[in-house]
Amino acid sequence: MSLDPRRRVAPVPRRLFGSFVEHLGRCVYTGLYEPGHPTADADGFRRDVLALVRELGVTTVRYPGGNFVSSYRWEDGVGPVDQRPARLDLAWHSLETNEFGLDEFMRWVGKADVDPIMAVNLGTRGTAEAVDLLEYANHRGGSHLADQRRDNGAADPYGITLWCLGNEMDGPWQVGQRSATEYGRLASQTAKAMRRFDPDLELVACGSSHLGMPTFGAWERDVLTEAYDDVDLISLHAYYQPVDDDLASFLASAEDMDRYIDAVTAIADSVGAIRRSTKKIMIAFDEWNVWYQSAAPSNPPSGEDWPVAPPLLEDHYSVADAVVVGGLLISLLRHSDRVTAACQAQLVNVIAPIMTEPGGAAWRQTIFHPFARTARHARGAVLDVLREGSTTSTDRFGEIDAVDAVSTWDDDTGEMTVFLVNRVVTTPAEVTVDVTGARLAGIIECVTVGGTDLHAKNTADGPDHAEPRPNGTARSADTGVQLTLPPASWTMLRLRATDVTT
Ligand code: AHR
């Protein structure tokens, strides 16, 4: 492959390394919030989890759902805790105590050093409640709701700039599911009202819940036909798991993500072209991950039982899952010119890179590692990588490149970082990385995840199976680097280079 700092796709959007906290299972309760835990601070936030969130390098966190938001009343979660009502959470058949709400989340966000992304309920509620929430959160004071926030202890407005207009509104599982035209009009009206308060907000309209929805495509077209001028981004959601033990296709999940992003981009641009608009709608890939949806932890409780924070969607990830997550991040980076926000779903316990035991340890899942390394080292600009090489055949995607890759270049540090996945299950890949337009000064680091122990999973007691290990094959010449990628592996190669154009 060939890299050249002059061939730039876009600046790396820092918001690509977002995550997601939903009131679902143990994500909030006994995840980020557990008063009484040995590491809990005065706010009841687990310090062990906060430390891991910082290490993960998360930049933004979407809140409070997900499906949960579609029947949530945000007012239930503010004010004196002992006066907050317990409510049935219809999305996950649980009891929501409302002990943790907006003000707790914003305090947590400050401690985690991340930016919030706030979702409004357009399922059971509408424009009025969204605008109320905006006033409570972002108005400085002197109005009823802003003064309520101040009375509740937050003197300064939160200044939340990125807002999701509902969640998965096409899904039959969504409380308040709507048709595309109904939703598009509601999103448009809500956006217009929110912009009367602050024209500079960034607003995300719901795209299809996933690429396999029967209404996919028509939904995006119809929603944007109603709301094109009022919103800035459209959301995409995708979860991956191996089907029929087909590891080769699973490893190539980024192909699906590439195609999905390209399809939505084309649809959004076609709506824009019909409107003769110069505006481009960006993409918020605000839910993505590996998720074993057909497995038992994904079944919510039922019947008379409405438990508080039951363990739900607690997938335990393998080394192969970590390789796939690394590959999905490559796809997101490759599309940085259109995908300007993304959220791995979710952050703690619920299909998450961080796991906790109530009262006990917090630890890293395998998928933690490629995310943390990519978030830390994908800096500067994304480069357009020219690739030439062998292909591999998959049942799901046909003939695809054996090795997927993306690169970033940081003008400030002179670092060029290459992220690679060998998607072939059985054979290593010999890779030559040629650097043009820059003088190569050497290899800083080359680390790999995978290749062996693909089914190994982490536990609270260790060992940490997917911790990146040095890849000693990387050899540097004047113009490039040669290295070997083990089968089914993710690799990060960090180079030092000098831009000859500057
Ligand atoms: O992340 C879990 C769930 O997946 C979210 O609540 C929903 O938006 C999606 O279907």
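A short tour of the structure in this document, coming up. Owing to the predicted nature of the structure, the values given are computational and were not obtained by experimental measurement.

### Concerning the sheet that holds strand β10 (residues 233-240)
An order of β3-β4-β7-β8-β9-β10-β11-β12 is seen for the eight strands of this closed barrel, with the pairing classed as parallel. Adjacent strand axes in the sheet meet at a mean angle of 30 degrees when their direction is disregarded. Sheet topology note: the strand β7 (residues 115-120)/strand β8 (residues 162-165) ladder contains four bridges and is parallel. Looking across to β8, one finds that M118 is bridged to W163.

### Some remarks on the pairing of strand β20 (residues 429-435)
Judged by which residues are buried, β20 turns out to be one-sided: A429, V431, V433 and V435 face inward and are buried, whereas E430, T432 and D434, on the alternate face, are not. Looking at chain direction, strand β1 (residues 2-3) and β20 are connected through two bridges and run parallel. In the sheet register, L3 faces β20, and the bridge partner there is V435. Judged from the six bridges that link them, β20 and strand β24 (residues 480-485) form a sheet pairing that is antiparallel. Within the sheet, the bridge partner assigned to V431 lies in β24 and is L483.

### Observations regarding the pattern of salt bridges
It is possible for side chains of opposite charge to pair when their charged atoms get near one another. Across all of its chains, the model carries 35 salt bridges by this definition. One salt bridge in this structure joins R494 and E415, with 3.0 Å as the shortest N-O distance. Remark: E415 occurs in strand β19 (residues 415-422) and R494 occurs in strand β25 (residues 489-499); sequence separation between them is 79 residues. For the residue pair R494 and E415, the accessibility class agrees, reading buried in each case. Overlapping salt bridges bring together E255, D258, R259, R334, R387, D401, D404 and R423 as one network.

### Examining the site of the ligand
Around the ligand sit F20, E22, G66, N67, W92, N167, E168, Y239, E287, W291, Q346 and I351, and that is every residue in its neighbourhood. Within the backbone of N67, an N or O atom sits 3.0 Å from an oxygen atom of the ligand. Within the side chain of E168, a nitrogen or oxygen atom sits 2.7 Å from an oxygen atom of the ligand. Contact with the protein chains hides 95% of the accessible area of the ligand, taken as 280 Å² for the molecule alone. Put simply, the ligand lies in the largest pocket. Looking at side-chain class alone, the shell around the ligand contains five nonpolar, four polar and three charged residues.

### With respect to the packing of helix α1 (residues 47-56) against helix α2 (residues 102-112)
Where α1 meets α2, the axes come as close as 10 Å, and the angle between the chain directions of the two elements is 55 degrees. Classified by the interaxial angle, the pair formed by α1 and α2 is oblique. Contacts between α1 and α2 involve L50, V53 and R54 on the former and, on the latter, W108, K111 and A112. Residues that form the contact of α1 with α2 fall into these classes: four nonpolar, no polar and two charged.

### Considering the packing of aromatic side chains
By the definition in use, this model includes 15 aromatic pairs. Measuring from centroid to centroid gives 6.1 Å for Y29 and Y33, while their planes differ by 75 degrees, and the two rings are edge-to-face. Comparing Y29 with Y33 shows no difference in burial state: the two are buried. Between Y260 and F285 the ring centres are 5.7 Å apart and the planes differ by 85 degrees, which places this aromatic pair in the edge-to-face class.

### Digging into the layout of surface pockets
Quantified by volume, the largest pocket comes out at close to 680 Å³. Along the walls of the largest pocket sit 31 residues, with E168, H210, Y239, W291 and Q293 positioned nearest its centre. Elements that contribute at least two residues to the lining of the largest pocket include exactly β10 and α8 (253-274). Here the lining of the largest pocket takes four residues from β10, the largest share from any one element. For the lining of the largest pocket, the per-class residue count stands at 15 nonpolar, 11 polar and five charged.

### A word on the sheet that holds strand β23 (residues 475-476)
In spatial order, the strands read β1-β20-β24-β23; together these four strands make up an open sheet with mixed pairing. Pairing within the sheet leaves two strands with one partner each, and these edge strands are β1 and β23.

### Description of the packing of helix α9 (residues 319-334) against helix α10 (residues 368-377)
It is the contact of α9 with α10, at a shortest axis distance of 7 Å, that shows an interaxial angle of 30 degrees. Comparing the axis directions of α9 and α10 gives the class roughly parallel. Across the interface between the two elements, A322, V325, G326, L329 and L333 from α9 touch P370, F371 and T374 from α10.

### Considering unusual backbone geometry
Between Y63 and the following residue, P64, the backbone shows a cis peptide bond with an omega angle of 0 degrees. Checked against the element boundaries, P64 lands in the loop between β4 (60-63) and β5 (87-89). A345 connects to Q346 through a cis peptide bond whose omega is -5 degrees. Relative to the helices and strands, Q346 resides in the loop between β12 (339-345) and β13 (354-356).

### What about empty space enclosed by the protein?
Where empty space is left becomes clear once a probe the size of a water molecule has been rolled over the atoms. In total, this model carries four cavities of 30 Å³ or more according to the counting rule given. There is about 130 Å³ of room inside the largest cavity. What lines the largest cavity is a set of 15 residues, and nearest its centre among them are Y72, W74, A119, V120 and L133. Among the secondary structure elements, those contributing two or more residues to the lining of the largest cavity are β7 and α3 (127-138). Classifying every residue of the lining of the largest cavity by side-chain character gives 11 nonpolar, one polar and three charged. By volume, the second largest cavity is sized at about 90 Å³.

How each quantity is defined
- Residues numbered from 1 in each chain as written.
- Predicted model: local features only at pLDDT ≥ 70, side-chain atom pairs only at ≥ 80, totals over all residues.
- Heavy atoms only, no water.
- Pairing = 2+ DSSP bridges.
- Helix = DSSP H or I, 4+ residues; strand = E, 2+ residues; numbered from the N terminus.
- Axes fitted to C-alpha atoms, helices over the stretch in contact; angles between N-to-C directions.
- Buried < 20%, exposed > 50% of the residue type's maximum accessible area, 1.4 Å probe, protein only.
- Salt bridge = Lys/Arg side-chain N within 4 Å of Asp/Glu carboxyl O.
- Near = heavy atom within 4 Å.
- Polar contact = N/O pair within 3.5 Å; in protein donor to acceptor, adjacent residues only side chain to side chain.
- Areas by Shrake-Rupley, 256 points an atom, 1.4 Å probe, with all protein chains shown as cover.
- 1 Å grid on protein atoms, 1.4 Å probe; cavity = no way out; pocket = protein on both sides within 12 Å on 5 of 7 lines; lining within 4 Å.
- Sits in = over half its atoms within 2 Å of the grid points.
- Nonpolar A, V, L, I, M, F, W, Y, C, P; charged D, E, K, R; others polar.
- Parallel < 35°, antiparallel > 145°, perpendicular 65-115°, else oblique.
- Contact = heavy atoms within 4.5 Å.
- Phe/Tyr/Trp six-rings, centres within 6.5 Å; stacked < 30°, edge-to-face > 60°.
- Points joined across faces, edges and corners; volume = space filled by probe spheres on them.

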